[in-house]
Every structure is written in C-alpha cells, then in structure tokens.
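Structural description and commentary
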Amino acid sequence: MTAVSMTVNGKAVSADVEDRTLLVYFLREHLQLTGTHIGCDTSQCGACTVHLDGKAVKSCTIFVGQADGANVTTIEGLARDGVLHPVQEAFRENHGLQCGFCTPGMIMTAVDMIRRKPNLDREIIRHELEGNICRCTGYHNIVSAIEDAANRMKESAKDNAA
Amino acid sequence: MSMIPYAFSYRRPKSLAEAEAFFAASPESRFLAGGQTLIPTMKMRLAMPPELIDISGLADLKFIRAEAGQIVIGAGVKHADVATAPEVRKAIPALAELVGMIGDPAVRHMGTLGGSIANNDPAADYPGALVGLGATVKTTRAEYAADEFFTGMFSTALADGEIVTSVSFPVPKMAAYAKFPNPASRYAMAGVFVAMFAEGVRVAVTGAGSCVFRVPAMEKALAVSFAPAAVAGISVSPEDLNSDIHASAEYRAHLVGVMAGRAVATALSR
Ligand SMILES: Cc1cc2nc3c(=O)[nH]c(=O)nc-3n(C[C@H](O)[C@H](O)[C@H](O)COP(=O)(O)OP(=O)(O)OC[C@H]3O[C@@H](n4cnc5c(N)ncnc54)[C@H](O)[C@@H]3O)c2cc1C
Ligand code: FES
Ligand code: FES
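Residues numbered from 1 in each chain as written. Chains lettered and ligands numbered in written order. Predicted model: local features only at pLDDT ≥ 70, side-chain atom pairs only at ≥ 80, totals over all residues. Heavy atoms only, no water.

It is worth spelling out empty space enclosed by the protein at this point. Across all of its chains, the model carries 1 cavity of 30 Å³ or more by this definition. Here the largest cavity is characterised by a volume of approximately 50 Å³. Lining of the largest cavity is provided by Thr-49, Ala-56, Lys-58, Thr-109, Asp-112, Glu-128, Gly-131 and Asn-132 of chain A together with Asp-104, Pro-105 and Ala-106 of chain B. Those elements giving two or more residues to the lining of the largest cavity turn out to be strand 4 (55–58) and helix 3 (103–116) of chain A together with helix 6 (105–110) of chain B. Split by residue class, the lining of the largest cavity holds 3 nonpolar, 4 polar and 4 charged. In this structure, the lining of the largest cavity is formed jointly by two domains, domain 1 (2–77) and domain 2 (86–161) of chain A, each of which donates at least three residues. (1 Å grid on protein atoms, 1.4 Å probe; cavity = no way out; pocket = protein on both sides within 12 Å on 5 of 7 lines; lining within 4 Å. Points joined across faces, edges and corners; volume = space filled by probe spheres on them. Helix = DSSP H or I, 4+ residues; strand = E, 2+ residues; numbered from the N terminus. Nonpolar A, V, L, I, M, F, W, Y, C, P; charged D, E, K, R; others polar. Domains from an automatic or database assignment.)

Have a look at this one:
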C-alpha cells in the first residue's frame, strides 16, 4: 500500500491505495469521478484522458504513485459554477457526440490542444486527435466542435484583453 | 479491480545511486520511466515485475544542452519536450520532427527518450535518429556508439540494472526523417533517417526489420550526390525484413526506398 495525495479538480485528496492502482481506477472507484472512461486495454483509445499538471495524459497508463503530489483535472472539473467550458458547449452545439463514450477524453484532449496550438486548423485538429478513438461520429463534428471552440476562446480572450 | 491482478510494489528513488541500490536489492524489478510501453505490457501480463523503480522524477535525467557540435538530451526528457525544445529545433530539426511523430500527444506527454531506446521496439522511431546521427548513449556504467547499442529485436547492450542517463546527438549539416506510420498504431512500418555530415552520409532504417539498420549502398550514393535520384535505383533486400498482417517484407522493402527519397528531399528543402 502507498499513501498518495494530490489535487483533483481543485480539491486536495489523499488515500491509501494498492501500488498497482492505475490513476483511472483511483478517479473512478475511490473518488467516484466516473466521467473518465475506460475504452480499451491497449492505451490507444484516449477515453481515459485527463490533465496531469495541465497536460493531457492517458489515466489508464499511469500508476497512481506517479501522480502523487500532482494536479489532476478530469471532465468533472471543467465547468465553472454550472457554466459549461467553451469546449463542452461547442461539442453540444456542433453535435460532436453520439453515444458519448469517447466524449470526456475528446474534450480533455481538445482543451489541451487548444492550449498548446494557438493556430489550429482542421488538419492539425485531426492529427492531434490521433490518440482518441470514436466509434460513432466519424470525427467530422468533433473536428468542427474543436475548431468552433478554439475560435470562440480566441474571441473571448480578445474581448477580455480589450 | 481488474486489469493488473497481480500485486507489485512501487518505489520512487531520490537519486540514480538509490535507484541502482533498489535494483540490487530486487534484481527482478524494472525501471519505470514514462510507462507508455511498460504499463501496457504489464496490463497484458507480458511483463510481471515484482517491483517498479520509478526513475521519472530524477532531475539528473532531465536536461537538454546544446554543446559544441552536439545536442545532449537526458534520458528522462519526455517526447513532447524534445519535440518543442528550441535548442533541438534549431540545431537538429529532423530530430524534433521525428519525436513529434511518436504516437499521439498524450503518449508524448509521458514517454521518454531513455524508455524508448532501452525498449528498442523494432518499430520505434528514436533508434532511427540515434543510428542515423551516429549518437552516443551514456549510461550509469558505460558509453556506447548507437551502432553498438541496438543489438536486436527488443534488445540492447544494456546489462541488468544499467540505466541510460543521456544521449549525445552530433549536429549534422542536413538531415530528415520520413516515416510511413502504421495507420492504427502510429508506430513506423518503415522510417528512414538520412543525415549528412562533413565526413559522409548516414542512412538508418527503422520499422522495416527486426532492429534498426544502416544502408551502406545508399550512404555511398548520397555521399557522391545528395539528391533523391541518388537513392532511386537502390533497393534493400526483403529477405531479412518483417512480414506481418500490416505489410509484407517486399512492401516494406519498397517503402524503405520511397521513404529514403522523401527524407533526402525534405533535408534539401530546409
Ligand atoms: C498508443 C501508443 C503509441 C505509441 N506510438 C509510438 C510510435 O509511433 N513510435 C515510437 O517510437 N514509440 C511509440 N510508443 C512508445 C512510446 O514512445 C514509449 O514512450 C516508449 O517506447 C517508452 O518510453 P517510456 O518512457 O514510456 O518507458 P517505460 O514504458 O517506462 O519503460 C520501457 C522500458 O525501458 C526501461 N527503461 C526506461 N527508462 C530507462 C532508462 N533510463 N534506462 C534503462 N532502462 C530504462 C524500462 O525498464 C522498460 O523496460 C507508443 C506508445 C503508445 C502507448
Ligand atoms: S482506456 Fe486509456 S487509452 Fe483506452
Ligand atoms: S460518440 Fe460514441 S464513441 Fe464517440
């Protein structure tokens, strides 16, 4: 057993867990944050994507000990005071989901790519989605949602600066 | 909880010396860096180490330095940080580009140089850059020329308990990497790294065979004339190449020629 402590969605948490615990199980089963999904056992689908110290990672491919002391954000941590994050809003408006299974991972990946890449276009978005698999949408509306969100966030950054 | 049903212990050493001491005390244990190969392997139970020694936090392994004629990268530096490092992009853009083609963004946020080369997957990208540039691998015990470091499929010159600490990449006059990725896994079906130095040209192929290899006939031809046409007529024998559900050996041999031509064209276009 290991004692771990970290910040998850802004709250300090600590627990005694088995060393073999993957971060995704810690989130889902210890913290009941079931928005983070498990879609594969080969580290390929990206349904489990969360942010570790601000960067998108696959929480199924990290042992909880590796996240000790870190700052973790999950899909539950994106909305503020009941207001959806612009990327969540854009997925809703652009019909960027069907069954919704891949969506939390898609959105966490999208937030990360918008942070890293100031000038996204549809081709870059498609490349950046290489680690996220969707079995429903054919990706088209996911790409549109991310493009829309990136534009909106640019606009509101401009408005805030003005 | 499922997935990894066997219990193991996880330890975080504070120094390289402590990591070595932990290993000496538990010789079946494995070092854990980014976990992007080891953890999937453990989930499949293809590896079942009783103990993991997490070296990913060691500051000694996390640096990028531009030195006279070379770029030195610590074994613990993550792919995303190599791909975006201004020193690397300026001195060896081909290296930054190669690392930016590894897997996907989340894999690049965790995976490390040391983990990739210690693992030596036949389809990994980094071995192409190390052999293509004639890099030197430094470990806790020795230094190896890249040509001697990669010894075969999933095997290297590393002894049990030996830790890669850094890699020195000589700065070439021109270089480029062209990769034909497996569309599902993004690993290389064939990747060719071409580099031109004052002393000559190096051509390294990854993904196509059981281990990275050089193509002396292409190196000689490119030393005479560094142009895509120089490699156009040179074919590699499919005899020792990989054949699997993704591609036949003949197809991979063909890809090597095409990727070599593309790499030369990209190097010339900078
Ligand atoms: C979905 C997916 C796609 C991928 N696509 C690609 C790809 O396109 N191209 C590619 O090249 N790779 C790819 N990878 C592999 C990725 O690059 C890994 O990060 C890398 O192979 C291993 O690095 P790591 O730091 O994660 O090592 P780990 O998984 O932590 O360790 C791997 C092995 O190396 C040993 N080790 C680690 N560090 C050291 C060290 N410093 N000294 C000695 N031994 C050490 C470990 O004991 C272990 O045996 C992919 C991985 C995934 C999950
Ligand atoms: S569940 Fe993590 S990548 Fe599929
Ligand atoms: S919406 Fe169903 S998997 Fe993507």
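Structure shown, so let's carry the discussion forward.
With 98% of its residues at a pLDDT of at least 70, chain B reaches an overall mean of 96. As scored by the predictor, the complex reaches a pTM of 0.97 and an ipTM of 0.96. (pLDDT = per-residue confidence, 0-100.)

With that settled, consider the domain arrangement of chain A. Residues and elements named next belong to chain A. One can read the domain layout of chain A as domain 1 (2–77) and domain 2 (86–161). Relative to domain 2, the C-alpha centre of domain 1 lies at a distance of 22 Å. In this assembly, 18 residues from domain 1 lie in contact with 14 residues from domain 2. Summing the contributions of domain 1 and of domain 2, the shared interface buries around 1200 Å²; its carbon and sulfur component is 61%. Here domain 1 is connected to domain 2 by 0 salt bridges. Remark: the boundary between domain 1 and domain 2 carries 7 residue pairs in polar contact (both at pLDDT 80 or more). (Contact = heavy atoms within 4.5 Å. Buried area = accessible area lost by both parts, 1.4 Å probe. Salt bridge = Lys/Arg side-chain N within 4 Å of Asp/Glu carboxyl O. Polar contact = N/O pair within 3.5 Å; in protein donor to acceptor, adjacent residues only side chain to side chain.)

Turning next to the sheet that holds strand 7 (residues 143–145) of chain B. Residues and elements named next belong to chain B. Taken in spatial order, the 5 strands line up as 4-5-10-6-7 in an open sheet, and their pairing is antiparallel. For this open sheet the edge positions go to strand 4 (64–67) and strand 7, each flanked by a neighbour on one side alone. Between one strand axis and the next, the sheet turns through 20 degrees on average, direction left out of account. Two elements, strand 6 (residues 136–139) and strand 10 (residues 164–170), share 4 bridges in a ladder whose sense is antiparallel. Bridging from a neighbouring strand, Val-137 pairs with Val-167 of strand 10. Sitting on the sheet, helix 8 (residues 126–133) is in contact with strand 6 and strand 10, with an inclination near 55 degrees to strand 10. (Pairing = 2+ DSSP bridges. Axes fitted to C-alpha atoms, helices over the stretch in contact; angles between N-to-C directions.)

Opposite the 34 residues of chain B that make contact, chain A presents 31 residues. Counting the surface lost from both chain B and chain A, the interface buries some 2600 Å², and carbon and sulfur atoms represent 60% of this. The interface formed by chain B and chain A contains 3 salt bridges. As a salt-bridge pair, Asp-104 of chain B and Lys-58 of chain A come within 2.7 Å of each other at their nearest N and O atoms. For the pair chain B and chain A, the number of links is 9 residue pairs in polar contact (both at pLDDT 80 or more). Listed by contribution, the elements that provide at least two residues to the side of chain B that touches chain A are strand 1 (9–11), helix 2 (38–43), strand 3 (51–54) and helix 6 of chain B. It is helix 6 of chain B that provides the largest number of residues to the side of chain B that touches chain A, a total of 5 residues.

Approximately 780 Å³ is the volume attributed to the second largest pocket. Along its surface, the second largest pocket is lined by 27 residues, and Lys-117 and Glu-128 of chain A together with Ala-83, Gly-100 and Arg-108 of chain B are the ones closest to its centre. Counting residues per element, the ones that place at least two in the lining of the second largest pocket are helix 3 and helix 4 (122–128) of chain A together with helix 3 (79–84), helix 5 (93–100), helix 6 and strand 11 (174–181) of chain B. Per-class residue counts for the lining of the second largest pocket are 8 nonpolar, 5 polar and 14 charged.

With that settled, consider the site of ligand 1. Close contacts around ligand 1 come from 33 residues, with Phe-31, Gly-35, Leu-38, Thr-112 and Asp-125 of chain B the closest. With respect to ligand 1, its neighbouring residues span chains A and B. A distance of 2.8 Å is found between an oxygen atom of ligand 1 and a backbone nitrogen or oxygen belonging to Gly-34 of chain B. Within the contact set of ligand 1, an oxygen atom lies 2.8 Å away from a backbone nitrogen or oxygen of Gln-36 of chain B. At the level of elements, strand 2 (30–32) and helix 7 (113–119) of chain B are the ones that each hand at least two residues to the shell around ligand 1. (Near = heavy atom within 4 Å.)

Right, let's get into the domain arrangement of chain B. One frequently used descriptor of interface size is the decrease in accessible area upon assembly of the parts. Each domain of chain B was delimited in the assignment, giving domain 1 (9–54) and domain 2 (173–270). A separation of 34 Å is found between the C-alpha centroids of domain 1 of chain B and domain 2 of chain B.

What follows covers unusual backbone geometry. All names here are of chain B. Positioned with a positive phi, Arg-45 is a non-glycine residue whose angle comes to about 60 degrees. Exposure remark for Arg-45: the relative accessible area of 47% places this residue in the partly exposed category. Look at Phe-154: it is not a glycine, yet its phi comes out positive at around 55 degrees. Mapped onto the fold, Phe-154 is located in the loop between strand 8 (150–152) and strand 9 (155–156). By relative accessible area, Phe-154 is classed as partly exposed at 44%. (Buried < 20%, exposed > 50% of the residue type's maximum accessible area, 1.4 Å probe, protein only.)

Our focus in this paragraph is the nonpolar core. Residues and elements named next belong to chain B. Ranked by size, the top nonpolar core spans 41 residues in total, and within it Ile-73, Ile-117, Tyr-126, Leu-130 and Phe-169 carry the most contacts. Those residues within four positions of Ile-73 in sequence are excluded, and the remaining contacts are Phe-63, Ile-64, Val-82, Val-88, Leu-95, Leu-113, Ser-166, Val-167 and Phe-169. Of all hydrophobic cores here, the second largest spans 30 residues; its members include Ala-178, Ile-234, Ala-260 and Ala-267. (Core = buried A, V, L, I, M, F, W, Y, C linked by side-chain atoms within 4.5 Å.)

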